Amino acid sequence: MVRRGALVALGLIAASAAACDEDAGLVSVQPDIEVQPAAGTVLVFDEAVLGVTDAVAPRIVEIRNVGDGVLDLRAASVRGDGADQYRVSSFPEQLAPGAAGELFVRFEPTVTGTTTPELLLETSDPDERDVTWPLQGYARDPCQLRASPPNQIFALNETRSVRLTASSTYRCVVTDLSTDESLFTLTDAPPLPFVLEAGASLDLSVLHSGVNVQPGVPVRQLRVREAEGSEQVVSFEGEPPLYGCLQIFPDRIDFGTFPLGQSRERTVTIRNQCSRPGMVIDANVGTGFYAYSVLEQERMPITLPARETTTLTVRYRPETEVGDFGRLTILTNDAQNPRAQVELFGAAAPVLFDVFPREVDFGTVAYRPIPGGTRSQCASSARVVQGFNIGAAPVQVSNTEIEATSDPLFQISSVTVDGAPVDFTQPYEVPVNAEMRVSMIFSPSRRIPEGHLGTLRLDHNGPQGSDQIRLTGNGGNDGATEDVFTQLPGPKVDILWVIDNSCSMFDEQARLIGNLSQFVGFADAQNADYQMAVTDTDAESPTAGEFDRCFPHPTIVGSSYADRATRETAFRCMFDVGINGSGREAGLGAAKRALERALDPNLSPNANAGFIRDDANLVVVSVSDEDDQSFDPLPVMRDFFYSIKGSRNPERFTAHAIAYPVAEPCIPESTFGSPGFGYSWMARETGGRFFNLCNEDWSPILDDIAQVTFTPLDSWELSRQADPATIVVAVDGLRVPNDPLNGWTYDFVSNAVTFAATAVPGRGAEIRVSYQGLCRP
C-alpha cells in the first residue's frame, strides 16, 4: 500500500518530469490572468431607490486564465469608504489553463448618497497578485407625494383646490390623475406626466360640475399616481341631486299638417316644483334633426329657480308628406328624470292639383276674316279646363297662359276660383277643396289648313309642377253648312267593371259571374260594339287602376273577340278578381285611376291603352259591399268622368253601382258591409242605376244594366255652332220635326241634335242636318 504522502510526492515528481525538456532542461509553468472590463475601469451601478428598488442589476467581471498553470483566486472583497453597501456574491476560486469564470458584485444600499469603494481580487498570477476596480453607486430616498386636504365637500358648481406636495428630498413625477369627470372636473391640471421638484407644491382646481343620477350624496375619489407606484387618494363629496323636482310636459307634440316652406312653433314646459334651483343642462333633437330645432339651444344650460317654470320652443319645418318623426331629448339635473324625451310629429300638407281634361277640342268655327286683320270674326263657344285642389295645402298657380308656340287664336277669357274671378295675369291661389275653372275661346286664323293646335300651360306648386293641356280647333266655311251622320249598326259602348276584391266579397263575385251570360247575350242581340275591362277597388298603390288580365285572353275583351262562348269564358275568368285585396275599398277612385291610365299617352307599357273610343259611350259599373273610400272628392270624380266625353255631353257617361243599400234593408241580413252613399250619389248625378247588393238574385240587376247600356246612339254633335232657327233635320231623306217628345231637339251648350222616342234613327240610317253657321263675335 502506498501512503497518501507518497502519492503526492510521486505526483510532484511526475509534474517535474513532464516539465523537463531534454534539450533545454526544466521549463517554468505559470498562470496568467486576463479580466474584462480591464482593471481600473469604474463599475457604475444603476440608481437605487431605497425601499422601492428590489435589486440593482449586478456588475459582472469576466476572468480568464490564459497561462499554462492553474490560476488560484484567493479572495474577492470590497474595501474602502462605503464598502458595506456592496457585496461580492460569487467568483471562481480556481481556473485551469484556458478556463474562464465570472465575478458578480452587487450594490445593496441602505443609505442615500454616492459611494465609491474599490473591488479587490487576490490571485496567484505572479505578475498580478492584486487586481482592482473602482465602484460607484447612488441611492436616494423615494418620492413622497402628499395630497391635501384628504376630504373635500362641494356645492354644485363650486370650485375647490387640492394641493399636491413633493415632501421628499427627491422630485416626484405625477403620471396619472383620475376622477369621475361627469361630476368633478379638473379645470387646470397640467399635461401628464408632470414633475414636482423636491419640496415643491401644485394646486389643482376641482369644479363640482355635475350631479349624480341616483339620489343621495355623490362621493367620488381623486386618485393621484406617481411614477414610482405610490398613490394618493382625495375624497370628494358633491351636492345631492334634485329628485322628482322637474316636471316636463307634454311628452308628445303633433304639429299637424301644413305646407312646405312654412314653419310652426310649439313649446315644452319645464316646471321646478322644489325649493332648490334646477337646471336644464341641454336640449337637442336627435331623430328628425333635419325638420325640428330648439330655439333656446344656444342658451344652454338654463338655470330654473325654485318653484318657477320655463319653456323650450321647438320649431318645425315640414320636409315630407308622409310625415316627419322627431325626438327631443332634454337633459336635466333631476336624478329621477335626468333624460326626458318628447316625441315630435308633423307632416307637409300634400299639394295635389287635379287638372282635366288633358285635351280640349273647340270644334269647327267659321272663318270670316276681320278686315285688315288675321283672325276670324267668329269665335267658338267657351271651353273649360277644371283644376281641383284635392290636397291639404293651397295650390299656388304661378302662371296661366296659352303658350307662344300655339296657333293664333286660342284665348283665355276668364279664370275663376270657386266661382270668383281672379286676375290670371298674376299668380293666384286655389284653396283646399276649391275648384279653378279656365274658360277659353277659339277664333281660327285661317281656313286652310283647317287644323289649329295650341297649349294651355298651368305652372303651380303641385307635385307635377306644371300641366299642359292640348288645344285643337278647326277653321271652316262661313255660311250654310250640312253635316251628314250614319247611325251605327248597334250600340257602341266601353264598359269598365270595378269589382271589390276584399275578403267579404266571395258570394257577390259568384253572383256577378253567374249572370254574365245573359248580359253578354243581350249585348250580342243588340248587335252592340262593346269593350269590357275589369279592375279592383285599389286606388292607392302604384299599380292602382291597371286592368286585370286573364291569360290567354286579352286585357280588354270586345264584341269582336273570338266567338260568344270564348268571350263568356274570358269574362268569367276576368271577373274572378279574388278576395285578397286591401281593406280600403275605393271603387270610384280606382275607376278614375284606370281611365287616367287609358288616357295617358306617355305611359309605356300601358295595358289600358285603347279602351276609350271617341265615338263610344262610357259606362262604369262598381260592385262593392263597402261605401266608396276614395281620397278624391265625389264632385271631382264626377267632373273627371264627364270630361272624358266632354263636359258638354254628360249623357255619354253613366255610372252604375251594385252596392250595400242606403235606403232599404239588406236581406238576407249581413254582418259585413256599409251603405254605399258615395256610389248612390254618383249614380244619381250621372243618370245611372243603384242596385241592392244583398239581393240573392242578380239576374234582374244585370238585365237592367244591359237595358240602359246597350241603347242606340240618339245624339250627334254638329261640326260648328248652329243658328237654331235655321236647323233642318232629315233621316233617310225624310224630314223630322223639331219635337222634344217624338222628334229632335237642339242643345246650344253641347251643340248637338238629339232624337227622342220613335224618331231615333235605326241602324245604318243616314242623318242630314242643314243649318246656317252661327258667327259668335
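Residues numbered from 1 in each chain as written. Predicted model: local features only at pLDDT ≥ 70, side-chain atom pairs only at ≥ 80, totals over all residues. Heavy atoms only, no water.

## Overview of the overall build of the chain
Scanning the chain from N- to C-terminus turns up eight helices and 54 strands. In summary, the chain has a C-alpha radius of gyration of 55 Å against a globular reference of 28 Å for 777 residues, an excess of more than 25%. Based on the C-alpha atoms only, the size of the chain along its principal axes is roughly 175 × 85 × 75 Å. Relative to its 777 residues, the chain shows a buried fraction of 46%. Within the chain, contacts between residues at least 6 apart in sequence are counted, and of these 72% link residues at least 24 apart. (Helix = DSSP H or I, 4+ residues; strand = E, 2+ residues; numbered from the N terminus. Rg over C-alpha atoms; globule rule 2.2 N^0.38 Å. Buried < 20%, exposed > 50% of the residue type's maximum accessible area, 1.4 Å probe, protein only. Contact = heavy atoms within 4.5 Å.)

## Section: helix α6 (residues 634-645)
Of all twelve residues that make up α6, ten are buried, and the element is covered over most of its length. Just past α6, the residue Gly 646 takes up positive phi, approximately 100°.

## Quick look at the pattern of salt bridges
Evaluation of the coordinates by the stated rule reveals 41 salt bridges. Close ionic contact of Asp 478 with Arg 368 constitutes a salt bridge, the shortest N to O distance being 2.7 Å. Of this pair, Asp 478 sits in the loop between β41 (466-476) and β42 (480-486) while Arg 368 is found in the loop between β33 (359-366) and β34 (383-389), placing the two residues 110 residues apart along the sequence. Overall, the relative accessible area of 36% leaves Asp 478 in the partly exposed class. Judged by its relative accessible area of 31%, Arg 368 is partly exposed. Between Arg 593 and Asp 632 there is a salt bridge, with its nearest N and O atoms 3.3 Å apart. Of the two residues, Arg 593 sits in helix α5 (residues 587-599) while Asp 632 sits in the loop between β46 (617-624) and α6, which places them 39 residues apart along the sequence. A relative accessible area of 19% means that Arg 593 is categorised as buried. (Salt bridge = Lys/Arg side-chain N within 4 Å of Asp/Glu carboxyl O.)

## Examining the nonpolar core
By size, the foremost hydrophobic cluster in this structure holds 35 residues, and its most contacted members are Ile 495, Trp 497, Phe 519, Tyr 530, Phe 571, Phe 575 and Phe 710. Of all the secondary-structure elements, those providing two or more residues to this core are β43 (492-499), α2 (506-514), α3 (516-525), β44 (529-536), α4 (564-575), β46 and α8 (699-709). With five residues, α3 is the largest single contributor of residues to this core. Beyond its immediate stretch of four places on either side in the chain, Trp 497 contacts Leu 512, Phe 519, Met 532, Ala 533, Val 534, Thr 535, Phe 575, Val 621 and Leu 702. Ranked by size, the runner-up nonpolar core spans 32 residues in total, among them Phe 547, Ala 586, Ile 612 and Ile 644. (Core = buried A, V, L, I, M, F, W, Y, C linked by side-chain atoms within 4.5 Å.)

## Some points on unusual backbone geometry
In this structure, Pro 301 follows Met 300 across a cis peptide bond, with omega equal to -5°. By secondary structure assignment, the location of Pro 301 is in the loop between β27 (292-294) and β28 (302-304). Cis geometry is found at the peptide bond from Ile 448 to Pro 449, where omega equals -10°. Tracing the chain through its elements places Pro 449 in the loop between β39 (435-442) and β40 (451-460). Residue Asn 433 is not a glycine yet carries a positive backbone phi of 70°. The topology assignment puts Asn 433 in the loop between β38 (428-430) and β39. The residue Asp 732 is not glycine, and still its phi comes out positive at about 50°. Its place among the elements puts Asp 732 in the loop between β50 (728-731) and β51 (734-735). Overall, Asp 732 belongs to the exposed group, its relative accessible area being 52%.

## Examining the pairing of β50
Every other side chain in a regular strand lies on the same face of the sheet, so the side chains alternate between the two faces. The pairing of β50 with strand β54 (residues 766-772) spans four bridges and is classified as antiparallel. The partner of Val 729 across the bridge, within β54, is Val 769. The pairing of β50 with β51 spans two bridges and is antiparallel. By the bridge assignment for β51, Ala 730 is matched with Arg 735. Connecting β50 to the next strand, β51, in antiparallel fashion are two residues, including Asp 732 with a positive phi near 50°. (Pairing = 2+ DSSP bridges.)

## As for the sheet that holds strand β14 (residues 145-148)
One open sheet accounts for four strands, arranged β14-β16-β20-β18; its pairing is antiparallel. In the strand order of this sheet, the two ends are held by β14 and β18 (184-186), each with one partner. Strand-to-strand, the axes of this sheet are offset by a mean angle of 25°, without reference to chain direction. Direction of pairing for β18 relative to strand β20 (residues 201-208): antiparallel, over a ladder of three bridges. Looking across to β20, one finds that Leu 186 is bridged to Val 206. (Axes fitted to C-alpha atoms, helices over the stretch in contact; angles between N-to-C directions.)

## Description of the environment of Phe 154
With respect to the element layout, Phe 154 can be found in the loop between β15 (151-153) and β16 (159-166). The exposure class assigned to Phe 154 is buried, which follows from its relative accessible area of 5%. If near-sequence neighbours (up to four positions away) are discounted, Phe 154 is found in contact with Thr 159, Arg 160, Phe 184, Val 206, His 208, Phe 236, Glu 237, Gly 238 and Glu 239.

## A short note on the packing of aromatic side chains
One pass over the structure, following the stated rule, counts 29 aromatic pairs. By the ring-pair criterion, three or more aromatic residues cluster together here, those being Trp 497, Phe 519, Phe 522, Tyr 530, Phe 571, Phe 575 and Phe 710. Its end group placed over the ring of Tyr 170, Arg 140 keeps NZ or CZ at 3.6 Å from the ring centre. Directly above the aromatic system of Phe 640 lies the positively charged group of Lys 592, at a separation of 5.0 Å from the ring centroid. (Phe/Tyr/Trp six-rings, centres within 6.5 Å; stacked < 30°, edge-to-face > 60°. Lys NZ or Arg CZ within 6 Å of the ring centre and 35° of its normal.)

## So, α3
The complete set of buried residues in α3 reads Leu 516, Phe 519, Val 520, Gly 521, Phe 522 and Ala 523. Along its buried surface, α3 packs onto β43, α2, β44, α4 and α8. Trailing α3 by a residue or two, Asn 527 shows a phi angle of about 55°, which is positive.

## Let's talk about the confidence of the model for the chain
This prediction gives the chain a mean pLDDT of 91; 96% of its residues lie at or above 70. The least confident element of the chain is helix α1 (residues 4-18), whose mean pLDDT is 37; the most confident is β50, at 98. This model gives residues 1-25 a pLDDT under 50, and the stretch forms nine contacts once residues within four places in sequence are excluded. (pLDDT = per-residue confidence, 0-100.)

## Looking at the packing of α3 against α8
Here α3 crosses α8 at 25°, and the two axes come no closer than 9 Å. Compared by their axis directions, α3 and α8 come out roughly parallel. The way α3 lies across α8 gives a crossing that is right-handed. Contact residues: α3 offers Gln 518, Phe 519 and Phe 522, while α8 offers Ser 699, Leu 702, Asp 703, Ile 705, Ala 706 and Gln 707. For the contact of α3 with α8, the class distribution of residues is five nonpolar, three polar and one charged. (Parallel < 35°, antiparallel > 145°, perpendicular 65-115°, else oblique. Left-handed = near helix turned anticlockwise from the far one by under 90°. Nonpolar A, V, L, I, M, F, W, Y, C, P; charged D, E, K, R; others polar.)

## A closer look at the sheet that holds β33
Judged by pairing direction, the sheet is mixed, and its five strands sit side by side in the order β33-β41-β40-β35-β38 without closing on themselves. Only two strands of the sheet have a single partner each, and these edge strands are β33 and β38. The sheet shows a mean angle of 30° between the axes of neighbouring strands, taken without regard to direction. Note: strand β35 (residues 395-402) against β40, five bridges, orientation antiparallel. Its bridge partner being in β40, Thr 400 is matched across the sheet by Leu 458.

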